[in-house]
Amino acid sequence: MNTTTRLMLIALLSLPLMAACDKAPTETTEDAAVALAPLSAPTTNDDNEWGTYLSAVVTRNMGDVTSSPYLYYLPSSDSEGFEGAHERLREEIENAMQRGIVEGNLVAFGSPESAMMADIIVGAFEKVGPGSMKGVRLLFIGAPADSERVEQAVTPAGVDYVFVEAK
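What counts, and where the lines are drawn
- Residues numbered from 1 in each chain as written.
- Predicted model: local features only at pLDDT ≥ 70, side-chain atom pairs only at ≥ 80, totals over all residues.
- Heavy atoms only, no water.
- pLDDT = per-residue confidence, 0-100.
- Contact = heavy atoms within 4.5 Å.
- Core = buried A, V, L, I, M, F, W, Y, C linked by side-chain atoms within 4.5 Å.
- Buried < 20%, exposed > 50% of the residue type's maximum accessible area, 1.4 Å probe, protein only.
- Helix = DSSP H or I, 4+ residues; strand = E, 2+ residues; numbered from the N terminus.
- Polar contact = N/O pair within 3.5 Å; in protein donor to acceptor, adjacent residues only side chain to side chain.
- Pairing = 2+ DSSP bridges.
- Axes fitted to C-alpha atoms, helices over the stretch in contact; angles between N-to-C directions.

Enquirer: Would you explain the confidence of the model for the protein in this entry?
Expert: Detailed reading of the predicted coordinates is not advisable wherever pLDDT falls low. On average, residues of the protein carry a pLDDT of 85, and 78% of them reach 70 or more. With pLDDT under 50 throughout, residues 28–34 is counted as low confidence; its partners more than four residues away or in other chains account for two contacts.

As structure tokens, then:
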């Protein structure tokens with residue numbers, strides 16, 4: 001995935017989050033019901049559909065986090081340039097986790113390739129110091145089969161682990 005495409009995807013993923021921050025606190029119960037309607041993961045590997053879905057899941061799981069979340073997305077393995085995108089994302093996540101995330105932030109990971117994303121997370125957290133991410137909410141959006149190993153890898157860092165099944 002080239003830089004322009006990546007920047008466009010980040011912009012697309014950021015729009016729903018920015019819009020959610022601008023909402024007036026006068027939501028009606030009808031608005032709240034729509035916001036809590038069950039989400040369905042895309043049945044295709046379309047990046048735009050996944051971006052919309054992941055943004056909605058992240059928005060619902062912000063909790064008391066007020067800063068912009070960090071969202072890491074790995075495209076489908078059948079997408080053009082996947083190998084390069086996979087390697088760049090792995091390096092980016094490893095570097096970011098080693099630098100650390102400030103308390104009160106949310107870091108989210110999602111992909112149509114749940115097992116591959118889990119591998120990236122597990123690998124990145126092998127180099128993260130124990131207790132170095134206390135107060136950080138980590139959201140993994142993927143398959144239940146991958147959740148336990150992700151949780152085992154990230155828990156020593158002190159994160160607040162949240163799993164959302166992509167179904």
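Enquirer: For this particular structure, what's the right way to read the nonpolar core?
Expert: Most often, soluble globular proteins have nonpolar side chains that are buried together. Of all hydrophobic cores here, the largest spans 26 residues; its most connected members are Ile93, Met97, Phe109 and Phe125. Of all the secondary structure elements, the ones that give two or more residues to this core are helix H4 (82–99), strand E2 (106–110), helix H5 (114–125), strand E3 (137–142) and helix H6 (144–154). Ranked by residue count, the leading element in this core is H5, at six residues. If sequence neighbours within four positions are ignored, phenylalanine 125 has contacts with Met97, Met133, Leu138, Ala153, Val154, Ala157 and Val159. Core analysis: the next-biggest nonpolar cluster, separate from the first, contains 16 residues, Ala41, Trp50, Val57 and Leu71 among them.

Enquirer: Would you explain the side chain of arginine 137 in this entry?
Expert: Among the secondary structure elements, arginine 137 is positioned in strand E3. With a relative accessible area of 19%, arginine 137 lands in the buried category. Within polar-contact distance, the side chain of arginine 137 engages the side chain of aspartate 160 at 3.5 Å. Discounting chain neighbours no more than four positions away, the residues touching arginine 137 are Asn61, Met62, Gly63, Asn105, Leu106, Val107, Asp160 and Val162.

Enquirer: Which parts of the structure should I look at to understand the side chain of glutamate 94?
Expert: You can see glutamate 94 is positioned in helix H4. Setting aside its immediate chain neighbours within four residues, glutamate 94 contacts Gly123, Ala124 and Lys127.

Enquirer: Explanation requested: the sheet that holds strand E4 (residues 160–165) in the structure shown.
Expert: Two modes of strand pairing occur in sheets, parallel and antiparallel, and in both the strands are linked by backbone hydrogen bonds. Taken in spatial order, the four strands line up as E1-E2-E3-E4 in an open sheet, and their pairing is parallel. Because the sheet does not close on itself, it has two edges, and the strands there are strand E1 (70–73) and E4. In this sheet, neighbouring strand axes are inclined to one another by 15° on average, regardless of whether the strands run parallel or antiparallel. Direction of pairing for E3 relative to E4: parallel, over a ladder of six bridges. What sits directly across from leucine 138, in E4, is tyrosine 161. Lying on the sheet, helix H3 (residues 47–60) is in contact with E1, E2, E3 and E4; it crosses E3 at an angle near 140°. Each of E1 and E2 touches H4; the most contacted strand, E1, lies at about 155° to it.

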